[in-house]
Amino acid sequence: MSLQHASVATFAEEGAPPSEAVEVEAEPTRGGAFLVSDVMTPLVYSCSLGDTLDRPARLMWEHDCGAIPVLDERQHTVGMITDRDICMAAYIQGRPLAHIAVASAASKHVYSVLPGAPLSEAHHLMKMHRVRRLPVVDIGGNLVGMLSLADVLRHSGGSLDLHHPLHVENVLTTLADAFRPGASRRPEDRG
Amino acid sequence: MRVEEVMNRRVMVCGPNDSLGHAAQIMWDADCGCVPVVDEGGKPVAMITDRDICIAAYTRGKTLSELMVSGAASHHIFTVRPDDEIATAEQRMRQFRVRRLPVVDQEGKLVGILSVNDLARHARAGQRREELSAEGVVKTLAAVCSPRAGCDLAR
């Protein structure tokens, strides 16, 4: 791994830490409905399929995050890697992180959402696939941000309508499902 | 509603002198992301998470079997008692921004673990209990996972 190669996909202001983007209270873009781009973290660190695990681990350590998108040579998002994936690969493969390929540990099933999609659609995807984070990918396949269930949670308080997709009870169901035993297994393991 | 009604009693533990490989094996077998570290008397002295293991593997550059739990685990632990009210546990999670609390008896021995996910599952169960409302759990989660806490439900 070379430090010079530690490219950062920057989509907001250069150098702005990701947390700043979500600390700002977002306003709905139109008609009271939040769009994914209103609440996502626009600055995203990524790694590539050819990297070894020390690179995503370093990004997680430096930027205090738990999931990093994995890009192919065309800069398209082809997977996700979490701190848990790294922990388990280190255990199963029994080698230092610098000797384990990202490709051998990353999840290859990646569900993404468009920046212009309503937040409720992103929430539906998380619920359906039992995932807590979605890479935000534009129509050209470029990674433009990350959306977490926590981002959705922070914008779910306003809805008092029980049938609204972002009512607290609905978000809670997603959460309970995402954390239920076995949810951390890969989709392909779940059958 | 009390902690003992919601907590998980079947908890796998490890010791401070175990290797990180052993802790990771427990997490793999039990499909969990956090294991309490207990001393010889069964008292919790630390908590270790899959994230702690990931970061230790990176900063130390060794295999998990070469690293010890005590060097990677967080020694700041916040506990509750089985007969504490759920509201007390929620308040503690919000205050200290932790998703899990070890439950200890009067002698300080580990008897269970209470996670915010246990609260979510119980709140979802639908009974209209004022002590454990969906809104309350969401507020706790929002506090635990605020950007300043540096967590995004990942842990």
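Residues numbered from 1 in each chain as written. Chains lettered and ligands numbered in written order. Predicted model: local features only at pLDDT ≥ 70, side-chain atom pairs only at ≥ 80, totals over all residues.

Draft legend 1. Looking closely at the overall build of chain A. Along the backbone of chain A there are eight helices and seven strands. Looking at chain A residue by residue over its 191 residues, the buried ones come to 47%. Counting contacts in chain A only where the partners sit at least 6 residues apart, residues at least 24 apart contribute 58% of the total. (Helix = DSSP H or I, 4+ residues; strand = E, 2+ residues; numbered from the N terminus. Buried ≥ 20, exposed ≤ 12 C-beta atoms within 10 Å, placed from the backbone. Contact = placed C-beta atoms within 7 Å.)

Draft legend 2. Structural context of helix H2 (residues 20–30) of chain B. Those residues of H2(B) lying buried are Leu20(B), Ala23(B), Ala24(B) and Met27(B). Buried positions in H2(B), seen along its axis, are confined to an arc of 100 degrees and lie on one side of it. Against helix H4 (83–93) of chain A together with strand E1 (34–38), strand E2 (44–49) and helix H3 (50–60) of chain B lie the buried residues of H2(B). Once H2(B) finishes, Asp31(B) follows within two positions and takes phi at roughly 50 degrees, a positive value. (Arc of directions from axis to C-beta.)

Draft legend 3. A look at the environment of Pro118(A). All names here are of chain A. As for its position among the elements, Pro118 is in the loop between H4 and helix H5 (119–129). Pro118 gets classed as buried once you count the C-beta atoms within 10 Å, which come to 20. As for Pro118 and Ala33, which are separated by 85 residues in sequence, their C-alpha atoms are 6.8 Å apart. Residues in contact with Pro118, not counting those within four places in the same chain, are Ala33 and Leu35.

Draft legend 4. Representation of the confidence of the model for chain A within the structure. All names here are of chain A. On average, residues of chain A carry a pLDDT of 75, and 64% of them reach 70 or more. Across residues 158–162, confidence stays below pLDDT 50; counting only partners more than four residues off in sequence or on other chains, it has six contacts. Segment residues 180–191: pLDDT under 50, and 14 contacts once partners within four positions in sequence are set aside and those in other chains are kept. (pLDDT = per-residue confidence, 0-100.)

Draft legend 5. How the structure looks around H4(A). Counted residue by residue, H4(A) has nine buried out of eleven residues, so it is predominantly covered. Listing the buried residues of H4(A) in full gives Asp83(A), Arg84(A), Asp85(A), Ile86(A), Cys87(A), Met88(A), Ala89(A), Ala90(A) and Tyr91(A). Elements in contact with the buried residues of H4(A): helix H3 (54–63) and strand E5 (77–82) of chain A together with H2 and H3 of chain B. Looking at the residues trailing H4(A), positive phi occurs at Gly94(A), about 65 degrees.

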